[in-house]
2 protein chains.
Amino acid sequence: MSPRSPAKPQPNPQQNHLLAALSPDVQSRLFPHLELVHLPLRALMYESGTSMSHVYFPTDSIVSLQYVMENGASTAILVVGNEGLLGITLFMGGESTPSRSVVQSAGYAYRLPRPQVKEEFNRHGQLLLLMLRYTQALITQVAQTAVCNRHHSIDQQLCRWLLLSMDRLSHNHLTMTQEFIGHMLGVRREGVTQAALKLQQLGVISYSRGLIKVIDRDQLEHLSCECYEVVKKETAILLTYLPQRQLIKNPEDIPVVVLKTQ
Amino acid sequence: MSPRSPAKPQPNPQQNHLLAALSPDVQSRLFPHLELVHLPLRALMYESGTSMSHVYFPTDSIVSLQYVMENGASTAILVVGNEGLLGITLFMGGESTPSRSVVQSAGYAYRLPRPQVKEEFNRHGQLLLLMLRYTQALITQVAQTAVCNRHHSIDQQLCRWLLLSMDRLSHNHLTMTQEFIGHMLGVRREGVTQAALKLQQLGVISYSRGLIKVIDRDQLEHLSCECYEVVKKETAILLTYLPQRQLIKNPEDIPVVVLKTQ
DNA sequence: TGACTTATGTGCGCTAGCACACCGAGCCAG
DNA sequence: CTGGCTCGGTGTGCTAGCGCACATAAGTCA
């Protein structure tokens, strides 16, 4: 979480889909306040019960939210990458949640300080609409995770996890140990080892010491459970359904216009 | 879902916590549009992929949201009773979700037509704030369900489920078969039978042919996993944290005032 | 009253995932 | 180049929950 860009990453807020979806005038208000930060692997972005000072828009980093049980066991319930944003609690009203955010893949993110978020949010324009849509997509992701935990095998869930991660990266390799994945899926490391072995034997992935390469993505999708597709589609629908042009610039116009009065 | 009250139930919108939390002026705008409806057991309120015409505020009914898998297996991911509302998609922006809503305990609810919801929502006053808070509480419930599905036994989950249901009723008995509970928890009927037997032998509950009586609630809480408490607390915090007085009547004032600028 | 339906109890064999334990190979620092 | 650490592979039991099959009990209705 070291502030400022050290080397020279891809310094472009447009890499984040949510930021990119905003209209030029909203962008011109917000972008001056954006700060580029580097998120190192396994950094703790946000601990259960604490309050957040910024909202983060990942560009090439991935952060996952996990719920931790009393006995220490944990499960990741959702993944945030360049398609979304970290810190919805900040505008949802509650100041904190019982979850924890961990950087799952190192990279960069732009962050926006709390006051600016609140201010823009309270203009009740594009940002509000976009955040609500995104929140709904998040709920879908969390819900699907719940069902997946109940009904699908570790094998399938590993595929789902790899795919979710891949989608948020621009390359085909992931830096994470099996132990780490185990924590994310809420299963034992050995279980991940078994599942990973199968995938490797099938020629779908290859890996060594914390570096996983996806070789056959199509196969991976076949082997995954439906949960991946459901989440992906739902997210796509929610965020494309409201293209920039249709957004209302003037808060006055937002409401009843849009809805077919059934 | 037969409209209008047939006999004479408890015709009072204040029984719903969310409606009750609104200030008199908002209530006076909304209440004339409320329609009391009866929700019969197992009625399908809302099928996956369809669009909702009303938002429902249960008084003494309970509705649960379930996600259904391709193979037909399903799991309930959250429960809505008099503490909340059914149909957040309506104001979140997406028109539908991949979930299904089933009446889990028969009773009454007030419903508000879509146009009125949208209109009030777009005033950006109390209702908006309240809905956002409630949505955050929902996310917590869904997330906790996900973790619970992974880490806890059927026994514990049955306790959690009974408690969640009890909290939304004014009496100590539930009308639901073990088969039905099985569908809700996403487990086999036999699994529920085993768990229920244990509870009965411990004198915690008694049941027969679809009627479950809770005898020792304290015990039930002890036997449940932590998930119940977490959800309950989080919901309480989110909804009391914003008492009526602190709500801003004038949309202009909503924003930056509230936040400690950290 | 007897046949039928629905809700619950139970047994059996099977598999997934767990707990624990131990090993080997790569990697790094002194 | 050596000792220690991390990551990954494997084996041996054990248990929870599943699928299936069947037995009973409690209502329901002709």
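Residues numbered from 1 in each chain as written. Chains lettered and ligands numbered in written order. Predicted model: local features only at pLDDT ≥ 70, side-chain atom pairs only at ≥ 80, totals over all residues. Heavy atoms only, no water.

Asker: Please set out the UniProt feature "domain: HTH crp-type" (unreviewed entry) in chain A residue by residue, giving values where relevant.
Answerer: Those places that UniProt annotates as "domain: HTH crp-type" (unreviewed entry) correspond, in this numbering, to residues 156–223 of chain A. Annotated as 59% helix and 16% strand, the span residues 156–223 of chain A places its first and last C-alpha atoms 6 Å apart. (UniProt positions renumbered as here; feature names shortened; annotations may be inferred. Helix = DSSP H or I, 4+ residues; strand = E, 2+ residues; numbered from the N terminus.)

Asker: Before we move on, can you summarise the domain arrangement of chain A with the specific residues and values?
Answerer: Residue and element names in this part refer to chain A. Domain assignment breaks chain A into domain 1 (1–151 + 230–244) and domain 2 (153–224). On a C-alpha basis, the centres of domain 1 and domain 2 stand 23 Å from each other. Carbon and sulfur atoms make up 54% of the area that domain 1 and domain 2 hide from each other, which totals about 1,600 Å². Viewed at the interface, domain 2 and domain 1 are joined by 1 salt bridge. We note a salt bridge from Arg168 to Glu83, for which the minimum N-O separation is 3.0 Å. Across the contact surface, domain 1 and domain 2 share 4 residue pairs in polar contact (both at pLDDT 80 or more). Mapped onto the side of domain 1 that touches domain 2, the elements with two or more residues apiece are β4 (62–68), β5 (74–80), β6 (99–105) and α5 (126–151). (Domains from an automatic or database assignment. Buried area = accessible area lost by both parts, 1.4 Å probe. Salt bridge = Lys/Arg side-chain N within 4 Å of Asp/Glu carboxyl O. Polar contact = N/O pair within 3.5 Å; in protein donor to acceptor, adjacent residues only side chain to side chain.)

Asker: Give a description of the pattern of salt bridges that names residues and reports values.
Answerer: All names here are of chain A. Under the defined criterion, the tally for this structure stands at 15 salt bridges over all chains. A salt bridge links Arg123 to Glu120; the shortest N-O distance between them is 3.5 Å. Taking relative accessible area as the criterion, Arg123 reaches 37% and is therefore assigned partly exposed. Under the relative-accessibility criterion, Glu120 is labelled buried at 5%. Residues joined in a network through salt bridges with shared partners are Arg29, Glu120 and Arg123. (Buried < 20%, exposed > 50% of the residue type's maximum accessible area, 1.4 Å probe, protein only.)

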